[in-house]
Protein chains: 2
Amino acid sequence: MSASASAATTADRTALIAAIDAQGSKVRSLKEQSADAGLVKAEVDALLALKEQLKALSVSAGSASKSATAATGSKMVLKTPKGTRDWEPLAMAVRSQVFESITRVFQNHGAVTIDTPVFERREILAGKYGEDSKLIYDLMDQGGELCSLRYDLTVPFARFVAMNPIEYGSMKRYHIAKVYRRDQPALSKGRFREFYQCDFDISGSYDAMVPDAEILLILVEALTALDLGSFTVKINHRKILDGIFDVCGVPADKTRQISSAVDKLDKSPWEEVRREMTVEKGLDGETADRIGEYVKLKGGRDLITKLFGDARLTSSARAVEGLKDMATLYDYLDIYGISEKMSFDLSLARGLDYYTGIIYEAITAASAPPSFAAASGAEVSGAQAEQSKAKSKKKTAQGEEEEIDESTVGVGSIAAGGRYDNLVGMFSGSKKLDSVPCVGVSIGVERVFAILMQRIKEAERNGEKSRFRAKPVDCFVMSMGGDGFLKERMKVAKLLWDAGIKAEFLYKAKPKPGPQFAAAEKDGVPLTVILAPEEWASQEVRVKEQKGKDSVEGQGKGQVVGLDQLAAYVARLLKENAA
Amino acid sequence: MSASASAATTADRTALIAAIDAQGSKVRSLKEQSADAGLVKAEVDALLALKEQLKALSVSAGSASKSATAATGSKMVLKTPKGTRDWEPLAMAVRSQVFESITRVFQNHGAVTIDTPVFERREILAGKYGEDSKLIYDLMDQGGELCSLRYDLTVPFARFVAMNPIEYGSMKRYHIAKVYRRDQPALSKGRFREFYQCDFDISGSYDAMVPDAEILLILVEALTALDLGSFTVKINHRKILDGIFDVCGVPADKTRQISSAVDKLDKSPWEEVRREMTVEKGLDGETADRIGEYVKLKGGRDLITKLFGDARLTSSARAVEGLKDMATLYDYLDIYGISEKMSFDLSLARGLDYYTGIIYEAITAASAPPSFAAASGAEVSGAQAEQSKAKSKKKTAQGEEEEIDESTVGVGSIAAGGRYDNLVGMFSGSKKLDSVPCVGVSIGVERVFAILMQRIKEAERNGEKSRFRAKPVDCFVMSMGGDGFLKERMKVAKLLWDAGIKAEFLYKAKPKPGPQFAAAEKDGVPLTVILAPEEWASQEVRVKEQKGKDSVEGQGKGQVVGLDQLAAYVARLLKENAA
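Residues numbered from 1 in each chain as written. Chains lettered and ligands numbered in written order. Predicted model: local features only at pLDDT ≥ 70, side-chain atom pairs only at ≥ 80, totals over all residues. Heavy atoms only, no water.

Here we look at the overall build of chain A
- In terms of helices and strands, chain A carries 21 helices and 16 strands.
- Out of the 579 residues belonging to chain A, those deemed buried represent 58%.
- Total accessible area on chain A stands at roughly 22700 Å², and carbon and sulfur atoms take up 52% of it. (Helix = DSSP H or I, 4+ residues; strand = E, 2+ residues; numbered from the N terminus. Buried < 20%, exposed > 50% of the residue type's maximum accessible area, 1.4 Å probe, protein only. Areas by Shrake-Rupley, 256 points an atom, 1.4 Å probe, with all protein chains shown as cover.)

Okay, structure coming up:
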């Protein structure tokens, strides 16, 4: 049964249910009016006929395909799509706090924000992601353009700059939004198919390494603000890598392939990478070994000095350009006080095609995969997607892949980026390929969410109060005694709402005190406003502070306040408590 | 040429460009070193060979299909997909302010927020939207589940509640997010294929009309906060409509069809709707005319009284239930002081299948279509999509539809909603169809954005200052004289950033004062921090307030401040200026 057929069935079913509802109502009404028995019977028969129709529809749908059955609602598979999730209120509170922290850092550095559509014309994304293009979600061809969900925020940014070179050829922008990858999910590790990236990029021609150094500072500030513990930023330079490949004897047209082999060094031993270079990519063994000598080097400014002293490497003008950049960069990093956070690591290559200068990747202790925790961690959440390879997969009966064993997977880098001077030019079709040089960083926050949610759960287990409140209500308006005071509670709530005070009350005509106190307690509402007959008679209510469970037992009688003073009194209390 | 083939081509091209870049660098380096002429020639030849390869690739791609040509970057169609747009920084500032206004109202009423994936399993959406299901965006079948982009936020909410009935069977939640409809766009009117909805819904069983009245209050508060001028909320009740159809003699199984005909009364004259009922839907003329008498009625509490006095209508128990609801509702609306904003309008039917009780729709003067501006406006931005019908369309050479003549289109209702007591039950498969009753409202904000952007442009034309700042920078750090003070400006900026002060500086080693003042001026930065040789010698800088253009000419010399006092001084100035 096709989707549209099952849709029609469900629509019919909805209409039938409504008709049955209406007809049942009619029958009840006739019976109440003690209407003529023949008339009642006729309407009852009509009702039964409708019910038969509904039954027939359910049976026919039930005997059709799984999808049709599901659509009728009786056996619907009730879940979000694979690799996605709902955000419950507490998770939203955490998410919003994380975004605020990051946004504060981004705005501190003078960035504006933009947004782009969740899908792009397919040609915009084509050829930007190497092997990982297979992970792109395509929209169905329903006539008109072919589109795909965005895979990252960098390519849409470059497209945006190319479309608006006059206005935005020189800008600092951040963009916090969801991106989409048809990857193997590992939910408990924070690896999703729909996930957030927090990007900061600088477009424009400036003096060398000035924006690059600031991007690294922003990265350090953001990771520090997120309070994830210690972290390291691995940095390298594409021109130095190119110089290494050049002086080691890699043919120019093999550079990118060899670079992508080097990029696997954080997950695979050198022997395996060497085998890929020589056996798979046809590099001669001697060349590979020369590369091997270089890419095992790590350090800081000392390594720059060492490489400047390497006559073979400095015979490459390209390597010298890269080394000069690195030296300048370290000067600026010193001013920003973040050189110690960096590790100049010649094995860092980054998989994406479009990088042209400095590249980097941040690793936290929390994000390293178990097997590599002691080492430097594996790339996962960044732009590459090695994670879908070499993992044990099983096909289920439905033909979908089962989740992988999450205990064997780390989250890898928590942020990554680099300089990409040609990407905008690829869109603008400008003859000058480097028309709008750019540098940027992308922070993957799903792992941060996972860590924070875990901390909240631990705090809960320990009976500690979490700093996150999903529901920031100030005042619970309740009645004690009387006839329930529904309309009066409405009136009081309206009075508080009008004053901008977050208030609610139970939507019941005659609620007992217990459930009202419980509702206030559950959401940690700091104040209750209590309506009772004696006070209401003189247009007064009682305002009580809810400090812990004692208040439920009625310790402290609160303060009786006239309605005309209520909003001001509550506002003052809230302000005092906040201070 | 397939998309993946063109992707491969582009990847090749990117690799080639990188190789050419590297090889060019090598050649330059050899020349600089005055290397052996033969060696230089060999490398130049290699370079030329690479360039030939690039040329060949471009030609082969160029002779292939349009899409392949585009993917090579040389003739790329540079745009966002039809009916979508980028959000530039100023638009983002407006958007964020609109969301803040609405969120404040929602949170005032004790709502939490959730988020759901941008796509759902297709069966979740099936059969919820009647004829408009054809507007749903489907994802391509790439293996695994079939999914579609969300069409609204109501169905995902119902799915969420059905999945979590214990935790969220009784909740107030808001959700501000993008939804997707393959509709005919009219961009200048704020009608997009990717657009925002701001939803507030209440799930749970409560005393009749208490949550319903609060939803209407929330709607009124939100529209008031958005400052759109006068508006009216049309309200009706599905049970009253059902009662009317019943007593007029509509067969139970035709109820929904006739209801959907009535729903067109805001755009079509009665004669046309009557023709649809009789000719298309086979209703007898007399029944149609009886309906006609009812659906032209409009009013407030007076209309409720009048209908209670209508013996024919009150013979329907269902109508009486609806009328009792309306009477209770008006009691509560009176307490909330919003009865005057309502128009009880028997012609309002709402197209969606799932409504079961009160229904409503808000119309602003700004949102009414030109031809109906004097009347009540047409449904467009809400859950229905009449807009794709009866509009003149032209096919372009590319087979895509041209934009419609926007001057003939209004935006219609700016918000809509109602009670839907069976939708969650459709998902949970519960035998009790009304297991989790819900009521909610959805505010369409695209039109609000359009109006606000228009106001900003008008203000700009009149030389007025807009209250929206896309880039909220506090301090511009600049140099005057000396060698440009690049590192010193970095140091000062770092000092400000560390104190949480939004600061920036020009990424140039030796900038002239003009461009620095211009940059500060352009973004309306309130303070400049100026580094000059004489002051820097004693570790001091000059802080100047940028009040209008005079400051550029140097009126007012500002204040000389020691570096150790700078952050505190600037923070104090900013605080004073904000107050």
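Observations concerning the packing of aromatic side chains
- The full count for this structure, using the stated rule, is 36 aromatic pairs over all chains.
- Ring geometry for Y137(A) and F119(B): centres 5.2 Å apart, planes at 50 degrees, overall tilted. In this pair, Y137(A) is assigned in the loop between α5 (122–125) and β3 (147–149) and F119(B) in strand β2 (residues 119–121), connecting two distinct chains. The pair formed by Y137(A) and F119(B) is uniform in burial state, with each residue classed as buried.
- Where F485(B) meets W536(B), the ring centres are 6.2 Å apart and the plane angle is 55 degrees; that geometry is what we call tilted. Of this pair, F485(B) sits in the loop between β12 (475–479) and α18 (486–498) while W536(B) sits in helix α20 (residues 533–537), and the two are 51 residues apart along the sequence.
- Using a relative accessible area of 7% as the deciding quantity, one classes F485(B) as buried. (Phe/Tyr/Trp six-rings, centres within 6.5 Å; stacked < 30°, edge-to-face > 60°.)

So, unusual backbone geometry
All names here are of chain B.
- A positive phi angle, near 50 degrees, is found at F485, a position not held by glycine.
- Residue Q539 is not a glycine yet carries a positive backbone phi of 55 degrees.
- The topology assignment puts Q539 in the loop between α20 and β15 (540–545).

As for the environment of E194(A)
- As for its position among the elements, E194(A) is in strand β5 (residues 194–203).
- Separated by 15 residues in the primary sequence, E194(A) and V179(A) place their C-alpha atoms 5.8 Å from one another.
- If we skip the residues at most four places from it in the chain, E194(A) touches G83(A), T84(A), K178(A), V179(A), Y180(A), T116(B), P117(B) and V118(B).
- A distance of 2.8 Å separates a polar atom in the side chain of E194(A) from a polar atom in the side chain of Y180(A). (Contact = heavy atoms within 4.5 Å. Polar contact = N/O pair within 3.5 Å; in protein donor to acceptor, adjacent residues only side chain to side chain.)

Some points on the relation of the copies chain A and chain B
- Superposition record for chain A on chain B: RMSD 0.1 Å, screw rotation 180 degrees, translation along axis 0.0 Å. Such a combination of rotation and displacement between the chain copies is what one expects of a two-fold axis.
- Taken as a fraction of all interface residues of chain A, those also at the interface in chain B reach 99%, which identifies the copy contact as same-surface. (Least-squares fit on C-alpha atoms with pLDDT ≥ 70 in both.)

Looking at the confidence of the model for chain A
All names here are of chain A.
- The share of residues in chain A with pLDDT of 70 or more is 83%, and the mean pLDDT across the chain is 84.
- Taken as a whole, residues 1–8 scores under 50 in pLDDT and shows ten contacts with residues more than four places along the chain or in a different chain.
- Here residues 369–410 is modelled with pLDDT under 50, and outside its nearest four sequence neighbours on either side it reaches 99 contacts, counting other chains as well. (pLDDT = per-residue confidence, 0-100.)

As for the sheet that holds strand β13 (residues 503–504) of chain B
Residues and elements named next belong to chain B.
- An order of β13-β12-β14-β15-β16 is seen for the five strands of this open sheet, with the pairing classed as mixed. Only two strands of the sheet have a single neighbouring strand rather than two, namely β13 and β16 (559–562).
- In terms of strand pairing, strand β14 (residues 527–531) meets β15 through four bridges, oriented antiparallel. Looking at β15, one finds that I530 is bridged to R542.
- Along the sheet, α18 contacts β12, β13, β14 and β15; its crossing angle with β12, the most-contacted strand, is approximately 160 degrees.
- Against the sheet, helix α19 (residues 513–522) engages β12 and β14, with an angle of about 175 degrees to β12. (Pairing = 2+ DSSP bridges. Axes fitted to C-alpha atoms, helices over the stretch in contact; angles between N-to-C directions.)

What about the environment of T305(B)?
All names here are of chain B.
- Checked against the element boundaries, T305 lands in helix α13 (residues 301–308).
- Using a relative accessible area of 55% as the deciding quantity, one classes T305 as exposed.
- Separated by 18 residues in sequence, T305 and L323 place their C-alpha atoms 8.9 Å apart.

Thoughts on the sheet that holds strand β4 (residues 171–180) of chain A
Residue and element names in this part refer to chain A.
- Spatial ordering of the open sheet is given by β1-β4-β5-β11-β10-β9-β6-β8-β7, a layout of nine strands whose pairing is mixed. At either end of the open sheet lies a strand with only one pairing partner, and these are β1 (112–113) and β7 (298–299).
- In terms of strand pairing, β4 meets β5 through ten bridges, oriented antiparallel. Across the sheet, K178 pairs through a bridge with Y196, a residue of β5.

Considerations on the interface of chain A and chain B
- Taken together, the contact between chain A and chain B spans 128 residues of the former and 130 residues of the latter.
- Surface buried jointly by chain A and chain B totals about 11400 Å² across both partners, of which 60% is contributed by carbon and sulfur atoms.
- Interface area lost by chain A to chain B is led by N108(A), W497(A) and Y507(A), which between them contribute 7%.
- Put simply, E145(A) and K79(B) hold a salt bridge, and the shortest N to O gap is 2.9 Å.
- At the junction of chain A with chain B, the criterion picks out 42 residue pairs in polar contact (both at pLDDT 80 or more). (Buried area = accessible area lost by both parts, 1.4 Å probe. Salt bridge = Lys/Arg side-chain N within 4 Å of Asp/Glu carboxyl O.)

Some words on the pattern of salt bridges
Residues and elements named next belong to chain A.
- Under the counting rule described, the total for this entry stands at 66 salt bridges over all chains.
- A salt bridge links E321 to K239; the shortest N-O distance between them is 2.9 Å. Linking E321 in helix α15 (residues 317–336) with K239 in helix α9 (residues 238–248), this pair joins segments that are 82 residues apart in sequence.
- Note on E321: relative accessible area 29%, which makes it partly exposed.

Some words on helix α13 (residues 301–308) of chain A
Residues and elements named next belong to chain A.
- The set of residues buried in α13 consists of L303, I304 and L307. Each buried residue of α13 lies within a common arc of 105 degrees when the element is viewed along its axis, so the set occupies one face. Structural note: α13 exposes D302, T305 and K306 on the side pointing more than 90 degrees away from its buried face.
- Where α13 is buried, its residues contact α12 (285–295), β7, α14 (311–314), α15 and β8 (342–345). (Arc of directions from axis to C-beta.)

So, α18(B)
All names here are of chain B.
- When the terminal C-alpha atoms of α18 are compared, their 18 Å separation across 13 residues agrees well with the 18 Å that a helix rising 1.5 Å per residue should span.
- Among the residues making up α18, those that are buried are L486, R489, M490, V492, A493, K494, L496 and W497.
- Two residues or fewer past α18, G500 is found with a positive phi of approximately 75 degrees. (Expected span 1.5 Å × (residues − 1).)

A short note on the side chain of S343(B)
- Summarising the element assignment, S343(B) is placed in strand β8 (residues 342–345).
- Its relative accessible area of 15% is what places S343(B) among the buried residues.

Notes on the environment of E271(A)
- Summarising the element assignment, E271(A) is placed in helix α11 (residues 270–280).
- Placed 21 residues apart in sequence, E271(A) and G292(A) show a C-alpha to C-alpha distance of 9.5 Å.

A few points about the pairing of strand β9 (residues 358–364) of chain B
Residue and element names in this part refer to chain B.
- Counting buried residues in β9 gives seven out of seven residues, a clear majority hidden from the surface.
- Alternating positions in β9 separate into two faces, I358, Y360, A362 and T364 on one and I359, E361 and I363 on the other, with burial throughout.
- Relative to β9, strand β6 (residues 231–237) is paired through seven bridges, and the arrangement is antiparallel. Note on β9: the bridge partner recorded for F231 is T364.

Observations concerning the packing of helix α18 (residues 486–498) of chain A against helix α21 (residues 563–578) of chain A
Residues and elements named next belong to chain A.
- Contact geometry for α18 and α21: axes closest at 9 Å, N-to-C directions at 45 degrees. Looking at the two axes, α18 sits oblique to α21. The hand of the α18/α21 crossing is right-handed. Residues V492, L495 and L496 of α18 touch α21, and the partners they reach there are L563, L566, A567 and V570.
- Residues that form the contact of α18 with α21 fall into these classes: seven nonpolar, no polar and no charged. (Parallel < 35°, antiparallel > 145°, perpendicular 65-115°, else oblique. Left-handed = near helix turned anticlockwise from the far one by under 90°. Nonpolar A, V, L, I, M, F, W, Y, C, P; charged D, E, K, R; others polar.)

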